[in-house]
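So you can see what is in the structure, the chains are spelled out below.
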Amino acid sequence: MAGSDSGNEMFEDALDEDTFPSLDLNHRELSSGHTVNESLTEESQDWDLQEVLDETIGALDLFLNNRFDEALKIISSRAHTSIYHGVGRGMVLFIQAVMTMELSYIEIAMDALKQAVRVCQKYRKKVSTISRIFRSPDYNTYSEVEIHAELTYAECLLMNAILTFIYDQTLYTFLKGGLRIRYCYQSYKECLHILNTRHFEDVERKKHFESGVRMGVGTFNLMISQLPTRVMRLLEFIGFSGDKMFGQEELERGCDLKDGLRSPLCVILMTGFHTYVAYALGLCDGDLELCDTYVNQMLKKYPKGALYLFLEARLKQLQGNIDKAIHLYEKSIKSQEEWRQFHYMCFWEKIWCYCYKCDWVNAAKCCDMMRKDCRWSPATYSYLYCCFLYMQMQDGDNSLMEEIINVLRKVPELKQRLAGKTVPIEKFCVNRTEKFFRQEWSLSLPLLEVLYFWKCYPVLAKTPHLLRVFLYMIQSDIAKVKEGQTSLDDYYMLTFLHGVALNHLNYPLQAEEHLKEVVRSEKKIREDTFLPPYAAGELCFMFVEQGRDSEALEWFHVARHNYHGYLTEVTLHFRLHAAYKKLEARNHSFTDLPRTLTSFP
């Protein structure tokens, strides 16, 4: 990202009034129980930049020490006049809104951010587009308040755009949200250019500005770099660009600015990328050691901080230390009671930890609590809850079938939409629910399917003794095929999972044989049409890891171009993009390789 080519006019309609809920927040009593006068006067407010930075740093420390309501009270007191109080209050309410997914919290956060944008607009540098055409801005003529206002403006726009996607699913609002992200992106480019060209007299205040720029630019580059190639080309056409290495370097530099205001937030975003995004959209190859270093540094400063305890637990989980992870999740839960929303993150991860240990009872208890209390994805929680009950039935408890049937009947109506689209994992859960009823209340190891789609096999690979238990389950169910107890589609699902498990147990030849069998049997598979492309994708990923780049690229093209319209197609495309980028980094040209296989070995 380089300097912006945009003028002030392009930002003027960034937050049109008709796109947001019309709420009167004057003297509104916030969720924390504090009343704040939010009226924004026309006359300029007097405040000192260093003073508001110090106060915001103090509020952030309170927040990261689990004193959420106290932090919100401090930053709300001057949110209607100070850029940093405004963006700070918006951030806290944004986090609360995302964690609850409650409409009322989303509306409050959106209005708080809209107000913060007004404050930032008042202090941003007014430069016309026409003047930029003839000469580049001299950022040394900008005051410190003006450059910090540009940065906080970008932060507010980004959070507001995300909430817009959640709040309203209409095409009009979706486009509005996309435009806000573009404005935000351009503003971050402007800030990076300011950082690289402006002379800063106060080194300490420069750290606060720099940490924010590194955080925004780094996060944008990392996220855009994960998008499939076709989407990337479209974004590049309208002015976006993303470089994974550059993004990671920027976030690391933000983490290293230990006295910078946003440095602790850079650690959270960096760790979130390597422990979640790299698993959900990539090849499960996050840099866990790097994150471990930064999280441990933060825990020295915030030893009881719920967020950092959670991140440490997630790292332990991905490293295969399941018991330690459960202990840390419980420690994070016990560290605070002000925001129960933080507890849901821990309960969600505890579900998988119990699952790895085949502790179906405790996994079901966590799922039951989540499906009743948490609004993130009730359809997913309900389906998972039934999967764990189903696994208990495999152990001989047949009294649970009535509960399974009753809960699964409600799954389709619980499906939600995000940015106008059904969430892939929810679409999968609804599909398997419908299959359960079509097959007269029967599925073949449904939990192990979910484990695959939630990228759990790479974690189980760190604990081979646990993965072998699941491998035995797969092999036992495959044996039922000979007795006519399993449909052909179920057989190929089990064959696919068998190949995946064998690969993660380091039996590549056997894994390759099972995965290729699924690809060759495409015409025999009637319903689960996602199996052949996913099998081809797994062959691509396996060969990438083995350094067999030519074969990896062949299977990349098979998975990417030979199949269309199957379940969770987008999810596979994200992972294939990550594999291609890895191959591209090792090879300068793929032009001599075929785009498709004419026959399957």
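Residues numbered from 1 in each chain as written. Predicted model: local features only at pLDDT ≥ 70, side-chain atom pairs only at ≥ 80, totals over all residues. Heavy atoms only, no water.

(A) Main features of the overall build of the protein. Looking only at helices and strands, the protein has 27 helices and four strands in total. Here the protein holds 601 residues, and the buried ones make up 58% of them. (Helix = DSSP H or I, 4+ residues; strand = E, 2+ residues; numbered from the N terminus. Buried < 20%, exposed > 50% of the residue type's maximum accessible area, 1.4 Å probe, protein only.)

(B) Expanded view of the packing of helix α13 (residues 306–318) against helix α15 (residues 341–356). For the pair α13 and α15, interaxial distance at closest approach is 11 Å and the crossing angle is 15°. By the angle class used here, α13 and α15 are roughly parallel. Like other packed secondary-structure pairs, α13 and α15 cross with a definite hand, here left-handed. On the side of α13, the interface is formed by L307, F310, R314 and Q317, while α15 contributes F342, M345, C346, E349, W352, C353 and Y356. For the contact of α13 with α15, the residue count by class is eight nonpolar, one polar and two charged. (Axes fitted to C-alpha atoms, helices over the stretch in contact; angles between N-to-C directions. Parallel < 35°, antiparallel > 145°, perpendicular 65-115°, else oblique. Left-handed = near helix turned anticlockwise from the far one by under 90°. Contact = heavy atoms within 4.5 Å. Nonpolar A, V, L, I, M, F, W, Y, C, P; charged D, E, K, R; others polar.)

(C) Layout of the pattern of salt bridges. Across all of its chains, the model carries 34 salt bridges by this definition. For K207, the salt bridge goes to E204, with nearest N and O atoms at 3.9 Å. Placement of both K207 and E204 in helix α8 (residues 203–225) is noted, with a separation of three residues, approximately one turn of the helix. One network of salt bridges, in which partners are shared, links R432, K435, E449, D490 and D528. (Salt bridge = Lys/Arg side-chain N within 4 Å of Asp/Glu carboxyl O.)

(D) Expanded view of the environment of A479. In this fold, A479 is placed in helix α22 (residues 464–479). In this structure the C-alpha to C-alpha distance between A479 and Y491, which are twelve residues apart in sequence, comes to 9.5 Å.

(E) Focus on the state of the cysteines. Under the criterion given, the structure shown has zero disulfides. C367 supplies the cysteine sulfur nearest to C366, a cysteine that is in no disulfide, at a spacing of 7.5 Å. (Disulfide = S-S within 2.5 Å.)

(F) Expanded view of empty space enclosed by the protein. Under the definition given, this model contains two cavities of 30 Å³ or more. When its volume is computed, the second largest cavity comes out at roughly 60 Å³. What lines the second largest cavity is Y383, C386, C387, Y390, I404, L408, F436, L443 and P446. Going through the elements one at a time, α17 (378–394) and α18 (401–408) are the ones with two or more residues in the lining of the second largest cavity. Here the lining of the second largest cavity gets four residues from one element, more than from any other, and that element is α17. Looking at the lining of the second largest cavity residue by residue, the class counts come to nine nonpolar, no polar and no charged. (1 Å grid on protein atoms, 1.4 Å probe; cavity = no way out; pocket = protein on both sides within 12 Å on 5 of 7 lines; lining within 4 Å. Points joined across faces, edges and corners; volume = space filled by probe spheres on them.)

(G) The arrangement of helix α16 (residues 360–373) in detail. In this model, α16 (14 residues) spans 20 Å end to end at C-alpha, consistent with the 20 Å of a helix rising 1.5 Å per residue. Those residues of α16 hidden inside the fold are in contact with α15, α17, α20 (446–453) and α22. (Expected span 1.5 Å × (residues − 1).)

(H) Region of the structure containing the packing of aromatic side chains. What the rule picks out here adds up to 32 aromatic pairs. Between Y452 and F453 the ring centres are 5.3 Å apart and the planes differ by 80°, which places this aromatic pair in the edge-to-face class. Across this residue pair, the class does not change: Y452 and F453 are buried. Centroid distance Y452 to F496: 4.9 Å. Interplanar angle 80°. Geometry classified as edge-to-face. Of the two residues, Y452 is situated in helix α20 and F496 in helix α23 (residues 488–504); the sequence distance between them amounts to 44 residues. (Phe/Tyr/Trp six-rings, centres within 6.5 Å; stacked < 30°, edge-to-face > 60°.)

(I) Layout of a positive patch on the surface. On the surface, K415, R417, K421 and K427 cluster together into a patch of positive charge. Mapped onto the fold, R417 is located in strand β3 (residues 417–418). (Patch = residues over 30% accessible without salt bridge, like charges linked within 9 Å, V, L, I, M, F, W, Y side chains within 5 Å. Areas by Shrake-Rupley, 256 points an atom, 1.4 Å probe, with all protein chains shown as cover. Lys, Arg positive; Asp, Glu negative; His and termini not counted. Charge placed at Lys NZ, Arg CZ, Asp CG, Glu CD.)

(J) The confidence of the model for the protein, seen in detail. Taken residue by residue, the protein gives an average pLDDT of 87. The fraction at 70 or more is 86%. Here residues 2–14 is a poorly scored stretch, pLDDT under 50, and it has 41 contacts once near neighbours within four places are set aside; other chains count. (pLDDT = per-residue confidence, 0-100.)

(K) Seen up close, unusual backbone geometry. In the Ramachandran plot, L445 falls in the positive-phi region, its phi being about 50° despite a non-glycine side chain. Judged by relative accessible area, which is 5%, L445 ranks as buried. Backbone geometry places K455, a non-glycine residue, at a positive phi of 55°. Along the polypeptide, K455 turns up in the loop between α20 and α21 (457–460). Residue classification places K455 among the buried positions, given a relative accessible area of 9%.

(L) Broad picture of the packing of helix α3 (residues 83–100) against α15. Taken N-terminus to C-terminus, the directions of α3 and α15 make an angle of 50°; their axes are 9 Å apart at the nearest point. Put simply, α3 runs oblique to α15. For the element pair α3 and α15, the recorded crossing hand is left-handed. Contacts between α3 and α15 involve Q96, M99 and T100 from the former and Q341, F342, Y344 and M345 from the latter. For the contact of α3 with α15, the residue count by class is four nonpolar, three polar and no charged.

(M) Layout of the side chain of Q392. Secondary-structure assignment places Q392 in helix α17. Since its relative accessible area comes to 15%, Q392 is described here as buried. In this structure, Q392 is in contact with W360, V361, A364, D397 and L400, ignoring residues within four places of it in sequence.

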